[in-house]
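Architecture at a glance
Here is how the chains run, residue by residue.
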Amino acid sequence: MQENKDMKTLKVELGNRSYPIYIGSGILVDRQLFTDHIKGKQTLVTTNETIAPLYLEKITAQLNSYNTATVILPDGEQYKTLDVLNRIFDALLMNKFGRNATLIALGGGVIGDMGGFAAACYQRGIAFIQIPTTLLAQVDSSVGGKTGVNHPLGKNMIGAFYQPQCVIIDTDVLTTLDERQYSAGLAEIIKYGLIRDAAFFQWLEENCDALMARDKIALAYAIEQSCINKAEVVSEDETETGVRATLNLGHTFGHAIETGVGYGEYLHGEAVAIGMCLAAELSRRMEWLNSADVARIINLIKRAKLPVDPPKSLSAEEFLQLMSVDKKNVDGQIKLILLKAIGQALLPMSVTDDLIRVTIESCSEC
Ligand code: NAD
Ligand code: GLY
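Residues numbered from 1 in each chain as written. Chains lettered and ligands numbered in written order. Predicted model: local features only at pLDDT ≥ 70, side-chain atom pairs only at ≥ 80, totals over all residues. Heavy atoms only, no water.

Overview of unusual backbone geometry
- Of note in this structure, R124 is not a glycine but carries a positive phi near 65°.
- Along the chain, the position of R124 falls in the loop between α4 (109-121) and β6 (127-132).
- Even without a glycine there, the phi angle at K305 is positive, about 60°.
- Mapped onto the fold, K305 is located in the loop between α11 (291-303) and α12 (316-323). (Helix = DSSP H or I, 4+ residues; strand = E, 2+ residues; numbered from the N terminus.)

Some points on the site of ligand 2
- Surrounding ligand 2, one finds D140, K146, K230, E240, R244 and L247.
- In the model, a nitrogen atom of ligand 2 is placed 3.2 Å from a nitrogen or oxygen of the D140 side chain.
- The fraction of the free accessible surface of ligand 2 (200 Å²) that becomes covered by protein chains is 89%.
- Looking at the shell around ligand 2 residue by residue, the class counts come to one nonpolar, no polar and five charged. (Near = heavy atom within 4 Å. Polar contact = N/O pair within 3.5 Å; in protein donor to acceptor, adjacent residues only side chain to side chain. Areas by Shrake-Rupley, 256 points an atom, 1.4 Å probe, with all protein chains shown as cover. Nonpolar A, V, L, I, M, F, W, Y, C, P; charged D, E, K, R; others polar.)

Observations regarding the nonpolar core
- By size, the foremost hydrophobic cluster in this structure holds 76 residues, and its most contacted members are I21, L135, F253 and I356.
- Counting residues per element, this core draws most heavily on helix α10 (residues 268-285), at ten residues.
- With sequence-adjacent residues up to four places away left out, L135 is seen in contact with L174, L177, Y182, G185, L186, I189, L219 and I223. (Core = buried A, V, L, I, M, F, W, Y, C linked by side-chain atoms within 4.5 Å. Buried < 20%, exposed > 50% of the residue type's maximum accessible area, 1.4 Å probe, protein only. Contact = heavy atoms within 4.5 Å.)

Examining empty space enclosed by the protein
- Throughout the structure, instances matching the rule amount to two cavities of 30 Å³ or more.
- When its volume is computed, the largest cavity comes out at roughly 40 Å³.
- In terms of lining residues, the largest cavity is bounded by L186, I190, L204, C208, L211, L300 and A304.
- The greatest single-element share of the lining of the largest cavity, amounting to three residues, is contributed by helix α7 (residues 198-212).
- Across the lining of the largest cavity, the residue classes tally to seven nonpolar, no polar and no charged.
- The volume enclosed by the second largest cavity comes to roughly 30 Å³. (1 Å grid on protein atoms, 1.4 Å probe; cavity = no way out; pocket = protein on both sides within 12 Å on 5 of 7 lines; lining within 4 Å. Points joined across faces, edges and corners; volume = space filled by probe spheres on them.)

Describing the site of ligand 1
- The environment of ligand 1 is made up of 26 residues, and the closest members are D75, E77, T133, T134 and T176.
- Separating an oxygen atom of ligand 1 from a backbone N or O atom of V110 is a distance of 3.0 Å.
- Isolated, ligand 1 exposes 870 Å² of accessible area, and the fraction of that covered by the protein chains is 90%.
- Only α2 (52-60), α4, α5 (135-141) and β8 (154-161) provide two or more residues apiece to the shell around ligand 1.
- Taken together, the residues of the shell around ligand 1 sort by class into seven nonpolar, eleven polar and eight charged.

A closer look at the packing of aromatic side chains
- Summed over all chains, the structure comprises five aromatic pairs.
- Between F200 and Y221, the ring centres sit 6.5 Å apart and the planes meet at 65°, which makes this aromatic pair edge-to-face. Here F200 is found in helix α7, whereas its partner Y221 is found in helix α8 (residues 216-236), with 21 residues between them in sequence.
- On the basis of an interplanar angle of 65° and a centroid distance of 6.5 Å, the ring pair of F253 and F319 is categorised as edge-to-face. You can see F253 sitting in helix α9 (residues 251-261) and its partner F319 sitting in helix α12, a full 66 residues away along the chain.
- On the accessibility criterion, F319 (0% relative accessible area) is buried.
- Stacked on the ring of Y192, the Lys or Arg K191 has its end atom at 5.1 Å from the ring centre.
- Over the ring of Y182 we find R214, and its NZ or CZ is 4.2 Å from the ring centre. (Phe/Tyr/Trp six-rings, centres within 6.5 Å; stacked < 30°, edge-to-face > 60°. Lys NZ or Arg CZ within 6 Å of the ring centre and 35° of its normal.)

Observations concerning the environment of D197
- Of note, D197 is situated in the loop between α6 (179-196) and α7.
- Since its relative accessible area comes to 16%, D197 is described here as buried.
- Separated by 145 residues in sequence, D197 and I342 have C-alpha atoms that sit 8.0 Å apart.
- In this structure D197 touches Y192, Q225, N229 and G343, once residues within four positions along its chain are discounted.
- A polar atom in the side chain of D197 sits 3.1 Å from the side chain of N229.

Focus: the sheet that holds strand β1 (residues 8-12)
- Strand order in the open sheet formed by seven strands is β1-β2-β9-β6-β5-β3-β4, with mixed pairing between adjacent strands. Each edge of the open sheet is held by one strand with a lone partner, namely β1 and β4 (67-73). Across the sheet, the axes of successive neighbouring strands diverge by a mean angle of 20°, strand direction being ignored. (Pairing = 2+ DSSP bridges. Axes fitted to C-alpha atoms, helices over the stretch in contact; angles between N-to-C directions.)

Focus: the side chain of N48
- Among the secondary structure elements, N48 is positioned in strand β3 (residues 42-48).
- Assessed through its relative accessible area of 6%, N48 is described here as buried.
- Polar side-chain contacts of N48 include one of 2.8 Å to the backbone nitrogen of I51.
- In terms of polar contacts, N48 uses its side chain to reach the side chain of D75, at 3.2 Å.
- Sequence-distant contacts of N48, defined by excluding residues within four places in its chain, comprise I72, L73, P74, D75, L106 and I111.

As for the packing of α12 against helix α13 (residues 353-364)
- It is the contact of α12 with α13, at a shortest axis distance of 9 Å, that shows an interaxial angle of 130°. With respect to each other, α12 and α13 are oriented oblique. Remark: the crossing between α12 and α13 carries right-handed chirality. Between α12 and α13, the residues in contact are A316, E317, F319, L320 and M323 and D353, I356, R357, I360 and E361, respectively.
- A per-class count over the contact of α12 with α13 returns six nonpolar, no polar and four charged. (Parallel < 35°, antiparallel > 145°, perpendicular 65-115°, else oblique. Left-handed = near helix turned anticlockwise from the far one by under 90°.)

Spelled out as structure tokens, the structure:
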């Protein structure tokens, strides 16, 4: 593969709410990208206490021609709450920011989801820009306009669909990301191969070692392919009335793990990785995947240094209880995304509690 230092631009096609995704090395300090997409003269940069010392100044340096304020939130999934969200509204109000202010979300999925939701709500909607700084946020959460916060009874239960003005993906910021967070991002990358891109799944198998070594070219390719897949799905089904639900492969199990074990114990990507293994095993029990397919999936997930077994502290009954609170459920019936084949996900389907129970129990014994 040839090294290409040029910035790539993809597009999420949503009519008059279409927006670009910029991917490149060092583009965080490309002032033009900001000025092209900021509305008005007031900007609020929202970030957290871990990312602020690393990247906040680089961003504010690009914004010296605007009236810029910053809000630095505590770091962690456990702070993705309505209470903490209020601090963003406090900052906007204390600075007397109006309807034509722009919110810039600088961080991982937690900051992106909260910043986007604050932008959706403040004065019924202000512009926002996503600057994702984790691999997971770069390949998934920053694209597509799902924003929100958690509720103690369910993850991401309070939120809105609200699209950004643009997404600025600087691959250089990943150099400061630790190994565990990096692997969590790989889970969502593997997801795209599983749900709709068998060739990409095979590429991931062939290039997993390069990705684990953070080879720049392999990484840029994986981010780009993931964003292409995500942008296509979102362009087809923005508000998840159909195909977008397939992006939730493994997520119903995963959200149950995150909520059941306690927010912050398992990283979102880790919980999704386990969930994808459970969904693969369930798909085998439906006789769509064979044992060799399941082995390929588990093997790739393990090579990405991700967990594959459900936590022993959660019983199958607890899983079922937690899975009964999910946005895909209809009339209280659990609906799951399963795989017809590697590279082909099915729309949400009802699965009996018994089949879910036996799948969880068989995987817990591994
Ligand atoms: P995160 O936002 O908690 O970030 C992970 C950790 O990495 C944090 O401690 C953060 O401070 C740190 N960090 C971020 N960037 C860094 C950098 N460049 N260098 C060093 N440290 C850095 O977690 P995440 O995995 O990015 O996102 C998970 C969240 O995203 C969950 O809340 C999940 O529900 C949400 N999500 C949303 C969507 C969506 O479509 N909106 C999709 C997937 C996940
Ligand atoms: N991460 C799931 C979605 O964006 O729909």
